[in-house]
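Residues per chain, in single letters:
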Amino acid sequence: MNKAKYLVSKPKNGVGGFVFQCRKIEFNYCERSGSSRGMIEYFKTRLIPFAKRNPQIEIIVTPRPSKHPLVRGTYLNEMQKDICVKNLDPKEIDEYVQLIRDNTGYKAKARFKKPVISTTPSVRGIWSPFNTRPHVI
């Protein structure tokens, strides 16, 4: 048997190549609405350089009449993140697009939650299932 085939590393982030978790970014805007003015300016000045820097991300621009502008990121785990960008200028929209690009799609969790350790004993004592009714043999 060839031992080399068992020594192949499994593909994951941090080992070998890096895989962006963001698969697709969708831009929705209204052509007539004043709240989409910053989004339209973003399309003219910043979207094409962003798309050239990130060829691995699919960029979709669709009109959404009579609605506020929206940026939606779709990730490899099929989660979606929506951010409303109404009345924002192109620089602020660019920051939100970078946030969507760098995100993983998972919900934010408390990552540093540690158990409570106390030197004082509990007033009620340690709970036991035998506290509620007496144990019968």
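Model, not experiment: these values are computed from the prediction. Each residue is numbered by its place in its chain's sequence as written, counting from 1. For a predicted model such as this one, the threshold for reporting local features is a pLDDT of at least 70, and the threshold for listing and counting side-chain atom pairs is 80 or more; totals across whole chains, interfaces and linings nevertheless cover every residue. Hydrogen atoms and water are omitted, and side-chain values are computed over all heavy atoms in the structure.

Peer 1: Looking at this model, I keep getting lost on the nonpolar core. Mind explaining?
Peer 2: When a protein is soluble and globular, its nonpolar side chains tend to lie buried together. Within this scheme, the nonpolar core is defined by two criteria: the residues are buried Ala, Val, Leu, Ile, Met, Phe, Trp, Tyr or Cys, and they are joined through side-chain atoms within 4.5 Å. To sort residues, take the accessible area from a 1.4 Å probe on protein chains only and compare it with the maximum for the residue type: under 20% means buried, over 50% means exposed, and anything in between is partly exposed. By size, the foremost hydrophobic cluster in this structure holds 18 residues, and its most contacted members are I25, F27, M39, Y42, V71 and V97. A helix here means a DSSP run of H or I that spans at least four residues, while a strand means a run of E at least two residues long, and both kinds are numbered starting from the N terminus. Listing elements by their share of this core, those giving two or more residues are β1 (22-29), α1 (37-45), α2 (47-53), β3 (70-75) and α3 (90-102). The element that contributes the greatest number of residues to this core is β1, accounting for four residues. Residues contacting V71, with those up to four places away along its chain left out, are I25, E26, F27, M39, K81, D82, I83, V85, V97 and I100. Two residues qualify as a contact provided that any one of their heavy atoms is within 4.5 Å of a heavy atom in the partner residue.

Peer 1: Just checking my understanding: could you explain unusual backbone geometry for this structure?
Peer 2: We note that E78 has phi near 65°; this positive angle belongs to a residue other than glycine. If you trace the backbone, E78 turns up in the loop between β3 and β4 (80-84). What makes E78 exposed here is its relative accessible area of 56%.

Peer 1: Hey, could you run me through the sheet that holds strand β2 (residues 58-63) in this one?
Peer 2: Within a sheet, adjacent strands bond to each other through the backbone by hydrogen bonds, running parallel or antiparallel. Pairing between two strands requires that DSSP report at least two bridges joining them. The four strands lie next to each other as β2-β1-β3-β4, forming an open sheet whose pairing is mixed. Pairing within the sheet leaves two strands with one partner each, and these edge strands are β2 and β4. For this sheet the average axis-to-axis angle between neighbouring strands, irrespective of direction, equals 15°. Of the strand pairs in this sheet, β3 and β4 are connected by five bridges, and their pairing is antiparallel. Residue pairing for β4: L70 is matched across the bridge by C84. Axes here mean lines fitted to C-alpha atoms, for a helix over just the part in contact, with angles spanning 0 to 180 degrees between N-to-C directions. Strands β1, β2 and β3 of the sheet are contacted by α1, whose axis makes an angle of about 125° with β1.

Peer 1: Looking at this structure, how should I read the packing of aromatic side chains?
Peer 2: Geometry of an aromatic ring pair is reported as the spacing of the ring centres plus the angle between the planes. Here the aromatic set is Phe, Tyr and Trp, taking the six-membered ring for Trp, and pairing holds for ring centres within 6.5 Å; pairs whose planes are under 30 degrees apart are stacked, those over 60 apart are edge-to-face, and all others are tilted. Applying the stated rule across the entire model yields three aromatic pairs. The structure contains a cluster of three or more aromatic residues connected by ring pairs, namely F27, Y29, Y42 and F43.

It is worth stressing that arrangement in space is one thing and function is another; only the former is reported here.
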